[in-house]
Amino acid sequence: ESLAEWTALENAQYHALYAALDANFTEGWRGKLRTCGYGGFDENRQNDAASPPMYLGAYRNPDLTTPGAYAVTRFDPGSEELEAESTHPNSWREYSISFLPSATYNGAQNGSHAVVDPESFAGLMSHVAWRLQSPGKEVRLTYWDNAFTLPQHLIFAQKTNGRELKPVCVDALTSIGRTDLLTLTVEDYELETLRALDRIHDNPVINRYWREGTTATLGSSLNSDTSVQVYATQTTIPGVEQTLVCVYSPCDLNGEIPLGAYKVPAKRLGYWLTPELQEVR
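Per chain, residue numbering runs from 1 following the sequence as it is written. In keeping with the model being predicted, local features are shown solely for residues with a pLDDT of at least 70 and side-chain atom pairs are shown and tallied solely at 80 or more, while totals for entire chains, interfaces and linings include all residues. Side-chain measures here rest on the full set of heavy atoms in the structure, leaving out hydrogens and waters.

Asks: What is the right way to read the overall build of the chain from this model?
Replies: Numbering of helices and strands runs from the N terminus, with a helix taken as a DSSP run of H or I at least four residues long and a strand as a DSSP run of E at least two residues long. Each helix and strand counted, the chain has six helices and twelve strands in total. Exposure is judged per residue with a 1.4 Å probe applied to protein chains only, and the accessible area is read against the type maximum: over 50% gives exposed, under 20% gives buried, and values in between give partly exposed. Here the chain holds 281 residues, and 44% of them are scored as buried. Across the chain, contacts joining residues at least 24 apart in sequence account for 61% of those joining residues at least 6 apart. For the chain, the exposed area adds up to about 14,800 Å²; of that, 51% sits on carbon and sulfur atoms. The contact rule is simple, with two residues in contact once any of their heavy atoms fall within 4.5 Å. Using the Shrake-Rupley algorithm and a 1.4 Å probe, accessible areas are obtained, with residue cover drawn only from the displayed protein chains.

So this is what it looks like as structure tokens:
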């Protein structure tokens, strides 16, 4: 019965806290404080942005082909849950990632897609970034883990920073012939993801579409109501005829990937310019 009043008092306290923090910064840092609510807007109304949890195998389905499992409901252009931008005019885009060890091989065991090695994980995170893309809005990526976890932590270790592997993980990877993955570390996934996102920053063509374009999802005839084999977006710039297509697949596809009227060579992650479908490298 007192929710409105309670919310107003909560907001006032948080704004007072942030104002005091900002006032005590050194001169070069004042006016640059931004805050991010972690649990979502219902939980953090006073903050600028919330962090959609893209936790592979935790909050999200470890089967990457499950329809809707990796939707970005807050900013996704195709989502009915899209919030009015005017509600949070200062918000940026952010997503928080992590993964359970078993999510690396669950899909491969089930035969739904390939193992989620660092390259595949980086491709998925790149696709999520494009789903969040909007001109003038930065996208922030946060990696969540135990505070004691080192970059060299083995993904399949029994204990944090330990060297002994979980027998169930060893057995699972042995069963699909991928024991080579047993040496994977947190750093392997982090660095591959950063390299994939660096392409958006470093490549002048991709970077222009990121800064100036507007992104929408793109369908494929390989997808169905029960399986998503292709994640794709197309980004357009006002006045520019060519569009930038970004395509990711968790599956080991062969030949070509159909995307509406287009077809692109099958690969884990790639960028193409229409209408000639010239690959951007």
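Asks: I keep staring at helix H3 (residues 118–132) and nothing clicks. Help me out?
Replies: Because each turn of an α-helix spans 3.6 residues, side chains separated by three or four positions in sequence point in the same direction. Each helix should span, by expectation, one fewer than its residue count multiplied by 1.5 Å. Compared with the 21 Å implied by 1.5 Å per residue over 15 residues, the 21 Å span of H3 between its first and last C-alpha is a close match. Counted residue by residue, H3 has 14 buried out of 15 residues, so it is predominantly covered.

Asks: Would you take a moment to explain the pairing of strand E8 (residues 244–248) for this structure?
Replies: Successive side chains on a regular strand alternate, one facing one side of the sheet and the next facing the other. Across the five residues of E8, five count as buried, placing the element largely inside the fold. Both faces of E8 are covered, namely the face carrying Leu244, Cys246 and Tyr248 and the face carrying Val245 and Val247. Looking at chain direction, strand E7 (residues 231–236) and E8 are connected through five bridges and run antiparallel. What sits directly across from Thr235, in E8, is Leu244. Two strands qualify as a pair provided that DSSP identifies no fewer than 2 bridges between them.

Asks: Where do I start with the packing of H3 against helix H5 (residues 186–202) in this structure?
Replies: What describes two packed helices is the angle between their axes and the distance between those same axes. Lines fitted to C-alpha atoms define the axes here, with helix axes fitted over just the stretch in contact, and angles between the N-to-C directions of these axes take values from 0 to 180 degrees. Contact geometry of H3 with H5 gives a least axis separation of 8 Å together with a crossing angle of 45 degrees. As far as their axial angle goes, H5 and H3 are oblique. Viewed along their axes, H3 and H5 form a crossing whose handedness is right-handed. For the pair formed by H3 and H5, the contact residues are Pro118, Glu119, Phe121, Ala122, Met125, Ser126, Ala129 and Trp130 on the first element and Asp188, Tyr189, Glu192, Thr193, Ala196, Leu197 and Ile200 on the second. Any angle that is under 35 degrees is reported as roughly parallel, and any over 145 degrees as roughly antiparallel; angles of 65 to 115 degrees are reported as roughly perpendicular and all others as oblique. By convention, the crossing between two helices is left-handed when the near helix turns anticlockwise from the far helix through less than a right angle, and right-handed when the turn is clockwise.

Asks: Honestly, the packing of aromatic side chains in this entry has me stumped. Any pointers?
Replies: Two aromatic rings from Phe, Tyr or Trp, using only the six-membered ring of Trp, form a pair when their centres are within 6.5 Å; if the ring planes differ by under 30 degrees the pair is stacked, by over 60 it is edge-to-face, and anything between is tilted. Throughout the structure, instances matching the rule amount to eleven aromatic pairs. Judged by centre distance (6.0 Å) and plane angle (40 degrees), the rings of Tyr14 and Tyr18 are tilted. Placement of the pair is Tyr14 and Tyr18 together in helix H1 (residues 3–23), with a separation of four residues, close to one helical turn. An aromatic cluster of three or more residues is present, and its members are Phe99, Phe121, Tyr143 and Tyr189. Between the NZ or CZ atom of Lys32 and the centre of the ring of Trp29, over which it lies, the distance is 5.8 Å. Note on criteria: charge over ring means Lys NZ or Arg CZ within 6 Å of the ring centre, with the direction from the centre no more than 35 degrees off the ring normal.

Functional significance is not addressed by these values, which are geometric in nature.
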